[in-house]
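Residue-level listing of the chains:
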Amino acid sequence: MGRKTTLFLIAGVLGAYSVYTPLPDNIEEPWKLTWSTTQMKMTMNMALFAELLGINHLMSTLMFLLNFAEVPPTSDENVTVTETTFNSVPVRVYIPKRKSETLKRGLFYIHGGGWCLLSAASFNYDFLSRRTADRLDAVVVSTNYRLAPKYHFPNQYEDVYNALTWFLRRDVLEKYGVDPERVGVSGDSAGGNLAAAVTQQLIEDPDVKIKLKVQVLVYPALQALDMDLPSYRENAYFPSLSTSVMVRFWSEYFTTDRSLEEAMLSNQHVPMESIHLFKFVNWSSLLPERFKNGHFYNSPSTGSSELAKKYPGFLDVRASPLLAEDSKLRGLPLTYIITCQYDVLRDDGVMYVTRLQNAGVQVTHNHIEDGFHGAFSYNDMKIFYRMENQYISWLRENL
Ligand SMILES: *[C@@H]1O[C@H](CO)[C@@H](O)[C@H](O)[C@H]1NC(C)=O
Ligand SMILES: *[C@@H]1O[C@H](CO)[C@@H](O)[C@H](O)[C@H]1NC(C)=O
């Protein structure tokens, strides 16, 4: 068999495998989702194949390809877009051109991409931030941060924290015409993880005098301890985010050593001496019945302490915000959490809603029954505009 034939066969198998995507009946515009996720899966499979051949790290290939979807900081008739650095962290700033008598709201946005991919310049994030600035009449700061596999935890977290605390300086807010009483933080997926983590840190930081009014978490990742939640079981093969991809993202956040990923996949990465932490992510006590959905709670399994010694990040509250004590949660600002039914991360968000409510924090929970992970980035689909309208109206009312 010739080389070309072999490659053709491989491409054919990868292609056929990629097209098969069974979707739930209540997904709106299923063809659009099938089309986007098929392209995504084909790209993923090729990148995995290149990694298998030892050509390139999975995330480096994906990062290279996603660079083509970046757009320059172009101002339009309604919004001025510029790039600068906050505490040496590169950010993109969106300022509404509309003149106003009063100071504007400020929203600090953190993009998703599994701590490995995407940026403030990615088309979807530029689109969202520009529209948020215009519709909310807010100054939006969309931050970048260093990514894995080159940089691991806590670099991502620290970059975001450094940029946010810079924005919260009185002189910086004044320069951008932002009301210090009306600043919020928002992020999706890994960005929701970072948003929750920095918001927790901020309430304990005596050096930061200006505090956040709200936090918005869009299908956030909030814990790396239990990969066997009902939402992981039910959506393990959902085309926009599978368990295997999510576990890869989580493990890459801490290390490129694949042994952590392996242990996470079998849910045996938490050492015996940390078993007490499972109470913070106990879905049997933290999920309402409808999300438990008849699933059986297995007592957590544990593994060797080697991994946790080498990569303590996954047990760190700055990476797994669900590990915070109630006494800490109590000080959190007004919170808006969006979860999607078809999402391995659904139960992370739902458990955080319960934990915040138990701690007396005001939370609005918007669960989207026909939603799926990534919907907030699919701006060619109706569901994006529905979610965006709900997001903007909540912010209009509360920020
Ligand atoms: C600018 O705002 C106007 C009025 O709201 C709107 O019709 C127009 O589409 C906006 N332009 C852009 C580029 O978003
Ligand atoms: C989890 O919660 C259930 C029900 O509340 C309880 O029986 C179980 O002991 C808890 N397990 C852990 C590890 O916290």
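Residues numbered from 1 in each chain as written. Chains lettered and ligands numbered in written order. Predicted model: local features only at pLDDT ≥ 70, side-chain atom pairs only at ≥ 80, totals over all residues. Heavy atoms only, no water.

Moving on: the overall build of the protein chain. Within the protein chain, the regular secondary structure consists of 16 helices and 8 strands. A compact globule built from 399 residues would reach a C-alpha radius of gyration of about 21 Å, and the protein chain, at 21 Å, matches this within 12%. The 399 residues of the protein chain split such that 58% are buried. Taking the contacts inside the protein chain whose residues are at least 6 apart along the sequence as the reference set, 76% of them involve residues at least 24 apart. When the accessible area of the protein chain is evaluated, it comes to approximately 17100 Å², of which 55% is carbon and sulfur surface. A gap of 3 Å separates the mean positions of the 38 positive and 43 negative side-chain charges of the protein chain. (Helix = DSSP H or I, 4+ residues; strand = E, 2+ residues; numbered from the N terminus. Rg over C-alpha atoms; globule rule 2.2 N^0.38 Å. Buried < 20%, exposed > 50% of the residue type's maximum accessible area, 1.4 Å probe, protein only. Contact = heavy atoms within 4.5 Å. Areas by Shrake-Rupley, 256 points an atom, 1.4 Å probe, with all protein chains shown as cover. Lys, Arg positive; Asp, Glu negative; His and termini not counted. Charge placed at Lys NZ, Arg CZ, Asp CG, Glu CD.)

The terminal C-alpha atoms of helix H7 (residues 190-202) lie 18 Å apart, and with 13 residues this matches the ideal 18 Å at 1.5 Å per residue to within 8%. Within H7, 12 of the 13 residues are buried, which leaves the element mostly enclosed by the surrounding structure. Every buried residue of H7 is accounted for by Ala 190, Gly 191, Gly 192, Asn 193, Leu 194, Ala 195, Ala 196, Ala 197, Val 198, Thr 199, Gln 200 and Leu 202. (Expected span 1.5 Å × (residues − 1).)

Here we take up the environment of Cys 116. Note that Cys 116 resides in the loop between strand S3 (104-110) and helix H4 (123-136). In this structure Cys 116 comes out as buried when scored by relative accessible area, which is 0%. Considering only alpha carbons, one finds Cys 116 and Arg 258, 142 residues apart in sequence, at a separation of 15 Å. Excluding residues within four positions of it along the chain, Cys 116 makes contact with Met 59, Met 63, Leu 147, Ala 148, Phe 249 and Glu 252.

What follows is about the UniProt feature "active site" (unreviewed entry) in the protein chain. As annotated in UniProt, the feature "active site" (unreviewed entry) corresponds to Ser 189, Asp 343 and His 373 in the numbering used here. With the annotated positions falling across 185 residues, the maximum pairwise C-alpha distance of 10.4 Å places them together in a single cluster. Discounting residues that sit within four places of it in the chain, Asp 343 has contacts with Tyr 219, Ser 231, Asn 235, Leu 241 and His 373. Within the secondary structure layout, His 373 lies in the loop between strand S8 (363-372) and helix H16 (382-398). With a relative accessible area of 8%, His 373 lands in the buried category. Excluding residues within four positions of it along the chain, His 373 makes contact with Ser 189, Tyr 219, Ser 240, Leu 241, Cys 340, Tyr 342, Asp 343, Leu 345 and Tyr 378. (UniProt positions renumbered as here; feature names shortened; annotations may be inferred.)

To continue, consider the pattern of salt bridges. Here the structure, examined in full by the defined rule, presents 26 salt bridges. Measuring nitrogen to oxygen at the nearest pair gives 3.0 Å for the salt bridge that ties Arg 386 to Glu 28. Of the two residues, Arg 386 is situated in helix H16 and Glu 28 in the loop between helix H1 (3-19) and helix H2 (30-52); the sequence distance between them amounts to 358 residues. Classification of Glu 28 by relative accessible area gives partly exposed; the value is 28%. (Salt bridge = Lys/Arg side-chain N within 4 Å of Asp/Glu carboxyl O.)

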